[in-house]
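Observations on the three-dimensional arrangement
One letter stands for each residue in the lines below.
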Amino acid sequence: MVKLNRNSCFVLIMIISLTLQGCVEKKSDVATISKSNKQLVYDIEKLPNDLVKIDQYNSRAKELSETLFEGLVYENQDSNGNSTINYGLAKSCDISKDRLVYTFTLRDGIEWSDGKSITSTDFCNFFRDTLKLNYNSIYRNELKIIFGVTDYISNKSNFSSVAIIAPKENILQIRLNSPEPYFLNLLSQPIYGLRKIDSKLNNWKKNYDKIAYTGAFKIVKISVDDKIYLSKNTKYIFKDRVKSDNIILAQGKNGGEYSLADFETNNNIDVFLNPPSTETERLQKENEEKTYSSFTVKSLFFNLNSTTATGNVNFRKAINYALDKNKLKSLRLSDFGEVNNSFFPNSMNTVLKTITLPNNSPVETLNSLSSSNYHGETIKIVYLDQGDNKKACEQIIKNINGNIPRKNNIDFQLTGCSSDEISDVIKENDYDIYFGEYNVNYNDPMAFIEMWQPQYPSNVYGFNDVNYNNFIYDASITYDINKRNDLYTKCLNELVKNMPMIPIYNKSVGVCSKSNVQGIQVNKYGNISMENLWLNGSEKINK
């Protein structure tokens, strides 16, 4: 037997004591601290590692960007869903008579979170560095309406040739190629929140304490289990309307049963999104879940480059005629909002919603299928393997073949993909149909119509129509709203005729919250306004 002397025992006891103490501190860092201080905990789902290429990510990344960075203008939505463009870091905008020059005057006394003054040069630098990012970004495509941007991103000129200038410290001037009535709507997107485009944002989880913020909150800590601690930005221009001094963002399991367990059983989160569809009715009865409509549309996207029948327009029309979208209602899909035959979300206010795809018709299904080049080959449908996407795809297949005689049934193969895999599958054309979604990113029909231009980042399905391209160009240089809508109508009719995609239903956002959570506002883009969130009975931490 080994005997321990007094000194050895003392050392051993100290080691055990320190080890246990370390364990206790680590645990309280995650859960105990957040609840004892009554800070609101929001399970925001998994976030990307960079805050530069925000246009590539989902609503949650844009929601975080909107929380951390303020732009020149922002879109404000009232309780009835009506929206207006309000001024953010700008206090006014003068538009020239020819509607080409936008002159923004910045607010007085605006500052970065580190106390340094925000000037018009900061905005020039933001646009310069954003446009220089070397990938096919939404930024580059949307901002081509600004004079000189096309040559700049093509390396034919430097930024001094771009019509974004700072004639004074508080004056920013932008000149467009042609009148664009939706320009302020475009700038209101979260992706245009003012930030310094640098390596710190590329790895913000490591460099959060070195980032200068312009929005309602700043990041003050990220714990070992990836919880993000937000503290009110005292330099924020609208700091008086921020309801909470602190919010904790938990990066959970993308909603579902894991988040529900944390919400109900573990009791360590106050807000989360998209509960399991099997629990929605119960949660609504308990007043713990509410559903909001969004500008996101779940759809079938056809691979027009495929060697299978999906490259044939009659086959695509057969799929559309075979679909009875109303049958999806009975499935109680977790994100199901409303059936949609229009290209625009039902909640979007535009007369162009009257242009729709043809309704379900078994007779036209057979006529179109017999006119197609489908000869029994396997049609591969891919989907993002999360939520109820698989269930929706299975019903869609059942729906289609249910309207076709058995001998003519289409041979479908379903393949679920992770979020990391899906973009590569589409890029490599390893699919025939993709069950996915598209987002209308700002409140103007152009936000959808521009998606189908040949070089647009989201047009990865091979759609390229000469008539469509000509109509959208004419619309982009037409200011008269009636003439513009006529051209938009022609664009949409081309989509109906060619049918590169089929809208299925509007996506809804389910928000679960404790009874003491106040101020939940979800905008039409599916983002929660964090500056309005607060916990009833909480004590403010930052005085």
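Presented here is an overview of the structure given in this document. From a predicted model like this one, the values you see are computed outputs, not experimental measurements. (Residues numbered from 1 in each chain as written. Predicted model: local features only at pLDDT ≥ 70, side-chain atom pairs only at ≥ 80, totals over all residues. Heavy atoms only, no water.)

Some points on the overall build of the chain
- Helix and strand counts for the chain come out as 17 helices and 19 strands.
- Radius of gyration (C-alpha) of the chain: 26 Å, near the 24 Å computed for a compact globule of 543 residues.
- The C-alpha extent of the chain, read off along each of the three principal axes, is 90 × 70 × 45 Å.
- Put simply, the chain has 543 residues, and 53% of those count as buried. (Helix = DSSP H or I, 4+ residues; strand = E, 2+ residues; numbered from the N terminus. Rg over C-alpha atoms; globule rule 2.2 N^0.38 Å. Buried < 20%, exposed > 50% of the residue type's maximum accessible area, 1.4 Å probe, protein only.)

Re the packing of aromatic side chains
- According to the stated counting rule, one finds 21 aromatic pairs in the structure shown.
- Plain terms: the ring middles of Phe315 and Tyr374 are 5.5 Å apart, the flat faces sit at 35 degrees to each other, and that makes the pair tilted. Here Phe315 is found in helix H11 (residues 313-322), whereas its partner Tyr374 is found in the loop between helix H12 (362-371) and strand S14 (379-384), with 59 residues between them in sequence. Of the two residues examined, Phe315 and Tyr374, each falls in the buried class.
- Relative to Phe463, the ring of Trp452 has its centre 5.9 Å away and its plane inclined at 85 degrees; by these criteria the two rings are edge-to-face. In this pair, Trp452 is assigned in the loop between helix H15 (446-449) and helix H16 (466-476) and Phe463 in the loop between H15 and H16, connecting sequence segments 11 residues apart.
- The exposure class assigned to Phe463 is buried, which follows from its relative accessible area of 5%.
- An aromatic cluster is built from Phe301, Phe343, Phe344, Tyr434, Tyr438, Phe448, Trp452, Tyr461, Phe463 and Tyr468, whose rings are joined through pairwise contacts.
- Over the ring of Phe69 we find Arg195; its NZ or CZ atom is 6.0 Å from the centre of that ring. (Phe/Tyr/Trp six-rings, centres within 6.5 Å; stacked < 30°, edge-to-face > 60°. Lys NZ or Arg CZ within 6 Å of the ring centre and 35° of its normal.)

Some details on the packing of H11 against H12
- H12 packs onto H11 with a crossing angle of 160 degrees between their chain directions and a minimal axis gap of 8 Å. Considered as vectors, H11 and H12 are oriented roughly antiparallel to each other. Helix-helix and strand crossings are classified by hand; for H11 and H12 the assignment is left-handed. Counting all contacts with H11, which are made through Asn314, Phe315, Lys317, Ala318, Tyr321 and Ala322, the residues of H12 involved are Glu364, Thr365, Ser368, Leu369 and Ser371.
- Per-class residue counts for the contact of H11 with H12 are five nonpolar, four polar and two charged. (Axes fitted to C-alpha atoms, helices over the stretch in contact; angles between N-to-C directions. Parallel < 35°, antiparallel > 145°, perpendicular 65-115°, else oblique. Left-handed = near helix turned anticlockwise from the far one by under 90°. Contact = heavy atoms within 4.5 Å. Nonpolar A, V, L, I, M, F, W, Y, C, P; charged D, E, K, R; others polar.)

With respect to the pairing of strand S2 (residues 73-77)
- Sheet topology places S2 next to strand S3 (residues 83-87); five bridges connect them, and they run antiparallel. In the sheet register, Gln77 faces S3, and the bridge partner there is Ser83. (Pairing = 2+ DSSP bridges.)

Notes on H11
- Taken across its 10 residues, H11 has seven buried, putting it largely inside the fold.
- Turning to H11, its buried residues number three or more, namely Phe315, Arg316, Ala318, Ile319, Asn320, Tyr321 and Ala322.
- The N-cap residue of H11 is Asn312: its side-chain oxygen and the backbone nitrogen of Asn314 are 2.8 Å apart. (Polar contact = N/O pair within 3.5 Å; in protein donor to acceptor, adjacent residues only side chain to side chain.)

Any functional reading would require information that these geometric values do not contain.
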